[in-house]
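# A closer look at the structure
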Amino acid sequence: MNKDKKHTDIYPQKDTYPVETMLSRIKPVSSDSITEENSQRPKILIIYTGGTIGMVENPETGTLEPFDFETLIDNVPRIKRLDYHIDSFQFTEPIDSSAMTPAHWQDIAYVIESFYDMYDGFVVLHGTDTMAYTASALSFMLENLRKPVVITGSQLPIQEVRTDGEENLITSLQVAAARNAEGKPMLEEVSILFENYLWRGNRATKYSADNFDAFKSNNFPRLAKIGMGITFREEVLWRPKENAPLKVHYGMDSNVMYLSLFPGINETMISHMLRTPGLRGVVMKTYGAGNGPSDSWFLESVKDACDRGIVIVNTSQCDNGTIDPYRYKTGSALFQAGVIPGHDLTSEAAITKLMFLFGQGYDSDEVKELMETPLVGEMQK
Ligand code: ASP
């Protein structure tokens, strides 16, 4: 990745980022002591950002609110039986993940980069609502990642009797500590662990607001079979190509948006949305294999936006399958107008990839080319 290009945005690269601001938002909470006899134990760093897993009920309002890490971890005494060396960081103010911003992704990436060499793996505790966005963003930000980053959370707070949080946390720690016969980490990618399913982070999507198995990966298989044991599926795991050191890219440009089509969408809406000041990229959610209206006002607005350098990526409103630009005349007209196919990208991966590429300083033509190039196993062309 070329980091030296000019960029303009509100979530800058680390060299111009006020690290003190970042440090005021994250703090260490616990650190285990390493002695000679326990130094061989797997070393895991937990980063607690908030989410239901650590929430407690506010007695006045009855609503769930994020709470501190100590309370969370005190509810999982079983953790000690793992015999791992576990340290932890938390957001100074744990958040509901619907309040996540790219600045929080930078904070998480910063902790991982700062302590990368000291730990075998990282477990990020996160709300489910935007977990797939964080997982996708981190997968792009952490280039050459060679250690597991496992993101998990829960549907019920860890203090509740029927909580799914305890199981999710314990299994995530085991996944983060898993090594192969040569002692190398089994996972070298950002993943989501939920209800015994391990998904590639940039392939996963939250599909249920109340099932324990809240995530799905509609176009990619699970990374491990988790039952009585954990069996990784070597053939689908992501392996970075170069044996290069971790390189963290912090720049993110959030001048992007979704535009979801529906029968009846009109010219005023489309032209206003595509003329949003500062807009650089759009994930257009189209019908089926990538189709949209064939009205001339629609295609002209889209072409005008593409001609102005806005990158429009076509992803499907269907959960499963891929964009096929030339299957139908209506889809093909969109591509002739300058829209590029998002293949089988999830919405979360598509929008964070746009933010990431613009944040690195690429121009529209470069972004178009890279949007169609798989970077970290996020899509199949
Ligand atoms: N609203 C919560 C969050 O995303 C939901 C959850 O954690 O499951 O933080």
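Residues numbered from 1 in each chain as written. Predicted model: local features only at pLDDT ≥ 70, side-chain atom pairs only at ≥ 80, totals over all residues. Heavy atoms only, no water.

### Describing the site of the ligand
Quick reminder of the rule: Proximity is defined per residue: any heavy atom of the residue falling within 4 Å of a molecule or strand makes that residue near it. Each polar contact in these results corresponds to two N or O atoms within 3.5 Å; when the atoms are within protein, one needs to be able to donate a hydrogen and the other to accept it, and residues that are neighboring in sequence are counted only if both atoms are side-chain atoms. Computed with the Shrake-Rupley method and a 1.4 Å probe, the accessible areas treat only the protein chains shown as cover for residues. Amino acid classes used here: Ala, Val, Leu, Ile, Met, Phe, Trp, Tyr, Cys and Pro are nonpolar; Asp, Glu, Lys and Arg are charged; the rest, including Gly, are polar.
Surrounding the ligand, one finds Gly51, Thr52, Asp96, Ser97, Gly127, Thr128, Asp129, Ser154 and Gln155. Within the side chain of threonine 52, an N or O atom sits 2.9 Å from an oxygen atom of the ligand. At a separation of 2.4 Å, an oxygen atom of the ligand approaches a polar side-chain atom of threonine 128. Isolated, the ligand exposes 270 Å² of accessible area, and the fraction of that covered by the protein chains is 90%. Class assignment of the residues belonging to the shell around the ligand gives a composition of no nonpolar, 7 polar and 2 charged.

### Remarks on the nonpolar core
Here is the rule we go by: For this analysis, a nonpolar core means a set of buried residues of the types Ala, Val, Leu, Ile, Met, Phe, Trp, Tyr and Cys, connected via side-chain atoms within 4.5 Å. Throughout this description, buried means an accessible area under 20% of the type-specific maximum (1.4 Å probe, protein chains only), exposed means over 50%, and partly exposed covers the range between. Only DSSP runs of H or I reaching four residues or more are called helices, and only runs of E reaching two or more are called strands; each is numbered from the N terminus. Here, two residues are considered to be in contact whenever any of their heavy atoms come within 4.5 Å of each other.
In terms of nonpolar packing, the biggest core is built from 62 residues, with Leu142, Val149, Ile151 and Leu354 touching the most fellow members. The element contributing the most residues to this core is helix H9 (residues 347-359), with 8 residues. With residues near it in sequence (within four places) discarded, leucine 142 still touches Ala109, Ile112, Val149, Val190, Leu246, Lys247 and Val248. Counting residues in hydrophobic clusters, the runner-up holds 34 residues, among them Ile53, Phe69, Leu169 and Met186.

### Digging into the pairing of strand S17 (residues 281-286)
We count it as follows: Here, any two strands with at least 2 DSSP bridges between them count as paired. Crossovers are described as right-handed under a simple rule: with the strands pointing away from the observer, the path leading from the first strand over the helix to the second runs clockwise.
Here S17 lies mainly inside the structure; 6 of its 6 residues are buried. The side-chain alternation of S17 yields two buried faces, one formed by Gly281, Val283 and Lys285 and the other by Val282, Met284 and Thr286. Sheet topology note: the strand S16 (residues 256-260)/S17 ladder contains 5 bridges and is parallel. Bridge pairing in S17 links methionine 257 to valine 282. One crossover worth recording links S16 to the parallel S17 by way of helix H6 (residues 267-274), and it is right-handed. Relative to strand S18 (residues 311-316), S17 is paired through 6 bridges, and the arrangement is parallel.

### A closer look at the sheet that holds strand S19 (residues 340-341)
Using the following cut-off: Between the N-to-C directions of two axes lies an angle of 0 to 180 degrees, each axis being a line fitted to C-alpha atoms and, for a helix, fitted only over the stretch in contact.
Read across the open sheet, the 4 strands follow the order S16-S17-S18-S19; overall the sheet is parallel. The sheet is open, and its two borders are formed by S16 and S19, each paired with just one other strand. On top of the sheet, H6 reaches S16, S17 and S18; it is set at about 165 degrees to S16, its chief contact.

### Things to note about unusual backbone geometry
Non-glycine residue asparagine 144 carries a positive phi angle of around 65 degrees. Judged by its relative accessible area of 12%, asparagine 144 falls in the buried class. Notably, glutamate 195 is not glycine yet its phi reads approximately 45 degrees, a positive angle. Following the sequence through the fold, glutamate 195 ends up in the loop between strand S9 (190-194) and strand S10 (197-200).

### Section: helix H3 (residues 102-114)
Put simply, the test is: In a helix, the anticipated span is given by 1.5 Å times the number of residues less one.
Its 13 residues give H3 an end-to-end C-alpha distance of 18 Å, which sits within 8% of 18 Å, the value for a rise of 1.5 Å per residue. Buried residues dominate H3, accounting for 11 of its 13 residues. All of the buried residues along H3 are Pro102, Ala103, His104, Trp105, Gln106, Asp107, Ile108, Ala109, Tyr110, Val111 and Ile112.

### Description of helix H10 (residues 364-371)
This is how the line gets drawn: Throughout, the arc means the angular range of directions from the helix axis out to the C-beta atoms.
Listing the buried residues of H10 in full gives Ser364, Val367, Leu370 and Met371. End-on, the buried residues of H10 take up no more than an arc of 130 degrees, which puts them together on one face. Residues of H10 that are exposed and point more than 90 degrees away from the buried face comprise Asp365 and Glu369. The elements touched by buried residues of H10 are S18, S19 and H9. Structurally, the start of H10 carries an N-cap: the backbone nitrogen of aspartate 365 is 3.1 Å from a side-chain oxygen of aspartate 363.

### Digging into the confidence of the model for the protein
What counts here: pLDDT measures the predictor's confidence residue by residue and takes values from 0 up to 100.
Looking at the protein, pLDDT values average 90 and 92% of them are 70 or higher. Counting interchain partners and residues more than four positions distant, the pLDDT-below-50 stretch residues 1-9 has 27 contacts.

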